[in-house]
Amino acid sequence: MKKDKTNISRREFIKITGGTSVAMLCAPAFAGNFFKNEHARFENDTVPVLKNCDVVVAGGGFAGVSAALHFAKTGKKVVLVERRIYLGREVTSEYRPWFDIGENSSDLPEFVQACIEQEIDQPDNTKKLLRFDHVKRTLEDELFKHGVEIVYASNVVQVIGNEDKLQGIVIGNKSGRQAILSKLVFDCTETASVVRLTGQKFSDKVHSNKYIRTLEFTNVEPLSTNSIDVPGTLQMIGSKVGVQKGYLGEGHYYVDCPMEFNSPEFDAKSVTIREAEAWEKSNELAKYIYQNVPEFKNAYLTNSSYQLNGLYTPQMLDSNYEINRQSLNQSLSIQNEKIDLKSFATPYANLFCLNEAALLSQKQTDLIKTPVGVSKIVSSLSEKIANNWSLLAFEKEVEVEKENEHQKSSGKVQIKEKYSPQKGKPYGRIRINNEIIPVIDDVDILVAGGGTSGAPAAYAAAKEGKKTIVIDMNPGFGGTGTYGGVDSYWGPGDYNGFTASHIKKTTEINKSFSKFFPSNGYGLWSVEAKMAMWLQEIRNSGAQILWNSFVIGTIMEENKVIGVVVSTPQGVMAVKSKIVIDA
């Protein structure tokens, strides 16, 4: 199997083995920040097989849905893996509920057309306004209708290679690690999550360092402009923000906040920091327009993006086109752009990179970032790949073993993971070559979960001077108690301590957004204000943040938990900690 060997020879090992997964921690021979000189590796060389299919698609955006539908319609068994719990990220997660279609919408792919509701008024014939829930349900229903299986809340943590082809991927989620065997693999993630696991090298330059965070407002007075001038101190590109009408009609607007992040990096921590900084900047923008733009004096800030619109990966550094891959000697023609199939090639002949990491021009990359553009590209590409199935697919029989008894643990230090994703259900197992897991940090306190209990635990620990990191599966804090719209604490109402402080600070933030949000009896409340409060407290405390991540294993020394193994969109990694709080 191909793997990235960067700095591996300089690191000590945490060796992990066993049915419940075991580790032996080897200390380095020198002092200092020793976590930088350690790494981990699962020694348990089998994982349960969750699915066995013809095509596995990583990423449930419009690229992934397009690829999955095309192959499902040809009779292939398709599994789609998505790290979120919904589809269509370009519209839903980036919070941009419209299609830019130009003057002609007649050539839209069928599933894209199905996302457009006839009942919604469309004042601009170059755009189609959308409703989030309808888009989510439509994409899901289309996949189910054609027999596509969906695995939500999972990150890809390893590829399973066999010479020049993949025989599947390994995913990580709250149920541990599982394999999905497949004859063809598509990486449709915005982070190039699968391709980055192959040893592929990436450029150190990017086409663009521009990112957009979108805010949603209601109760706005009619606007006669599509942009608003703002002070340079708010750090918006060109000191302007864009304005887009929403599907609710009168008073409903989206505000695009364009920002620059010079020399953006794409590791898990850097991506999270960029998201957090953009959140803070857009919150300041929201306060400004509420307090200074007359049309927004009675407005409500109702919601905002769950991720930025912008690049999450640089391009692959070099072409993986080989002379013996004759199937790649073709091109696509999309919106007057000629795109070579070899632009999507990877080190493995049956893995295709259908995201911004593909070797495309800037204009073509801009096209692949849009839901309509990428749907057209992937639809055409999938047809050509399907026509060369016999050349590209991994057709060898994969040996799947019966589930055996758990291997015995050995060693003083162990890493434990779930042996099976569902207790009592037998799963076949496949042998894999376990890869290196970097230990990215060594902290005093690690908090798994940033909800109503985890968020205050994290910032309280950090304020006491402890090096703290908080890990959450969401792109923000508050958990169900915030995302779920729970607007008050359970109790008699005579609140003190942390609870009283949270209510007071949330009310203060809410007043800076709008004076019209109703009180729940104890203070002003909204999802945006509550999330802003959590982020503010955690960032001000100095605690580190890791979003969009799942704990898939715990590192234990005898009867103590001393760290965790985490799956992120950028790969799998370990964090050591003196104390772990499961929140």
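The following paragraphs examine the structure supplied in this document. All values reported here derive from a predicted model rather than from experimental measurement.

### Focus on empty space enclosed by the protein
In step 1: Inspection of the entire model under this criterion finds four cavities of 30 Å³ or more.
In step 2: Of the volumes computed, that of the largest cavity is approximately 100 Å³.
In step 3: Forming the boundary of the largest cavity are 14 residues, of which Arg83, Ser154, Asn155, Thr189 and Ser193 lie nearest the centre.
In step 4: Reported here for the second largest cavity is a volume of approximately 70 Å³.
In step 5: For the second largest cavity, the full set of lining residues is Arg83, Thr191, Ala268, Val271, Thr272, Glu275, Tyr312, Trp547, Asn548, Pro569 and Gln570.
In step 6: Classifying every residue of the lining of the second largest cavity by side-chain character gives five nonpolar, four polar and two charged.

### A short note on the sheet that holds strand E9 (residues 149–151)
In step 1: If you trace the five strands from one edge of the open sheet to the other, you get E9-E6-E5-E13-E21, paired in parallel fashion. Looking at strand neighbours, the two that pair on one side only are E9 and strand E21 (351–353), the edges of this open sheet. Across the sheet, the axes of successive neighbouring strands diverge by a mean angle of 15 degrees, strand direction being ignored.

### A few points about the layout of surface pockets
In step 1: In this model, the second largest pocket occupies a volume close to 760 Å³.
In step 2: Lining the second largest pocket we find 37 residues, and of these Arg96, Trp98, Asp100, Lys127 and Asp256 sit closest to its centre.
In step 3: A class-by-class count of the residues in the lining of the second largest pocket yields 14 nonpolar, 12 polar and 11 charged.

### Describing the packing of helix H4 (residues 268–292) against helix H10 (residues 497–513)
In step 1: Where H4 meets H10, the axes come as close as 7 Å, and the angle between the chain directions of the two elements is 55 degrees. Here H4 lies oblique to H10, going by the angle between them. Contacts between H4 and H10 involve Asn283, Ala286, Lys287, Tyr290 and Gln291 from the former and Lys511, Ser512 and Phe513 from the latter.
In step 2: Looking at the contact of H4 with H10, its residues break down into three nonpolar, three polar and two charged.

### Brief notes about the pairing of strand E4 (residues 46–52)
In step 1: Sheet analysis places E4 next to strand E23 (residues 429–431), joined by three bridges and oriented antiparallel. Within the sheet, the bridge partner assigned to Thr46 lies in E23 and is Arg431.
In step 2: Note: E4 against strand E12 (residues 176–181), three bridges, orientation parallel. Counted as the bridge partner of Lys51 is Ile180 from E12.

### With respect to the packing of aromatic side chains
In step 1: Applying the stated criterion across every chain yields a total of 15 aromatic pairs.
In step 2: Ring centres of Tyr95 and Tyr254 lie 6.1 Å apart, and the angle between their planes is 65 degrees; this geometry places the pair in the edge-to-face category. Remark: Tyr254 occurs in strand E17 (residues 253–260) and Tyr95 occurs in the loop between strand E6 (78–81) and strand E7 (98–100); sequence separation between them is 159 residues. Tyr254 matches Tyr95 in its accessibility class, with the two residues each being buried.
In step 3: Consider the rings of Trp98 and Tyr254, whose centres lie 5.9 Å apart with planes at 55 degrees: the pair is tilted. Placement of Trp98 in strand E7 and of Tyr254 in strand E17 is noted, with a sequence separation of 156 residues between them. As far as burial versus exposure is concerned, Trp98 and Tyr254 are alike and both buried.
In step 4: Grouping aromatic residues by their ring pairs yields a cluster made of Tyr95, Trp98, Phe132, Tyr254, Tyr306 and Tyr483.
In step 5: The positively charged end of Lys76 is found above the aromatic ring belonging to Trp389, 4.0 Å away from the centroid.
In step 6: The aromatic ring of Tyr419 is capped on one face by Arg429, whose charged end is 3.8 Å from the ring centroid.

### Some remarks on the side chain of Ser382
In step 1: Considering the arrangement of structural elements, one finds Ser382 in helix H6 (residues 371–387).
In step 2: Reaching out from Ser382, the side chain makes a polar contact with the backbone oxygen of Val378 at a distance of 2.7 Å.
In step 3: Those residues in contact with Ser382 that lie beyond four places of it in its chain are Ala67, His70 and Phe71.

Analysis parameters
Residues numbered from 1 in each chain as written. Predicted model: local features only at pLDDT ≥ 70, side-chain atom pairs only at ≥ 80, totals over all residues. Heavy atoms only, no water. 1 Å grid on protein atoms, 1.4 Å probe; cavity = no way out; pocket = protein on both sides within 12 Å on 5 of 7 lines; lining within 4 Å. Points joined across faces, edges and corners; volume = space filled by probe spheres on them. Nonpolar A, V, L, I, M, F, W, Y, C, P; charged D, E, K, R; others polar. Pairing = 2+ DSSP bridges. Helix = DSSP H or I, 4+ residues; strand = E, 2+ residues; numbered from the N terminus. Axes fitted to C-alpha atoms, helices over the stretch in contact; angles between N-to-C directions. Parallel < 35°, antiparallel > 145°, perpendicular 65-115°, else oblique. Contact = heavy atoms within 4.5 Å. Phe/Tyr/Trp six-rings, centres within 6.5 Å; stacked < 30°, edge-to-face > 60°. Buried < 20%, exposed > 50% of the residue type's maximum accessible area, 1.4 Å probe, protein only. Lys NZ or Arg CZ within 6 Å of the ring centre and 35° of its normal. Polar contact = N/O pair within 3.5 Å; in protein donor to acceptor, adjacent residues only side chain to side chain.

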